[in-house]
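# Architecture at a glance
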Amino acid sequence: MPAARESRRRIGVRRNLPLGVTGEAAEASRAASRPARLMERETPYLMGELRRVAAVTATCFGLLIFLYIVDRMQ
């Protein structure tokens, strides 16, 4: 029984051979296209978040100006 387990381990090691030249090139191109696909997918959400942040910032500045005017009137 132990001999069979050792042979399975050896087979598993053989399957994990390093990538060849074509495998490395494919891996590099896949890694290079990953950020572009990520940006395409997340751009609408990012733009929505930027609009929300701009709206909150504008509201805060508007309230500060309003409070400044009310303070000056008193």
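Now for a quick tour of the structure. (Residues numbered from 1 in each chain as written. Predicted model: local features only at pLDDT ≥ 70, side-chain atom pairs only at ≥ 80, totals over all residues. Heavy atoms only, no water.)

Summing up its helical and strand segments, the protein chain has 2 helices and 0 strands in all. Put simply, the protein chain has 74 residues, and 0% of those count as buried. Carbon and sulfur atoms make up 65% of the accessible area of the protein chain, which totals about 7200 Å². (Helix = DSSP H or I, 4+ residues; strand = E, 2+ residues; numbered from the N terminus. Buried < 20%, exposed > 50% of the residue type's maximum accessible area, 1.4 Å probe, protein only. Areas by Shrake-Rupley, 256 points an atom, 1.4 Å probe, with all protein chains shown as cover.)

So, on to the pattern of salt bridges. Summed over all chains, the structure comprises 1 salt bridge. Between Arg 52 and Glu 49 there is a salt bridge, with the nearest N and O atoms lying 3.0 Å from each other. Placement of both Arg 52 and Glu 49 in helix H2 (residues 21–73) is noted, with a separation of 3 residues, approximately one turn of the helix. (Salt bridge = Lys/Arg side-chain N within 4 Å of Asp/Glu carboxyl O.)

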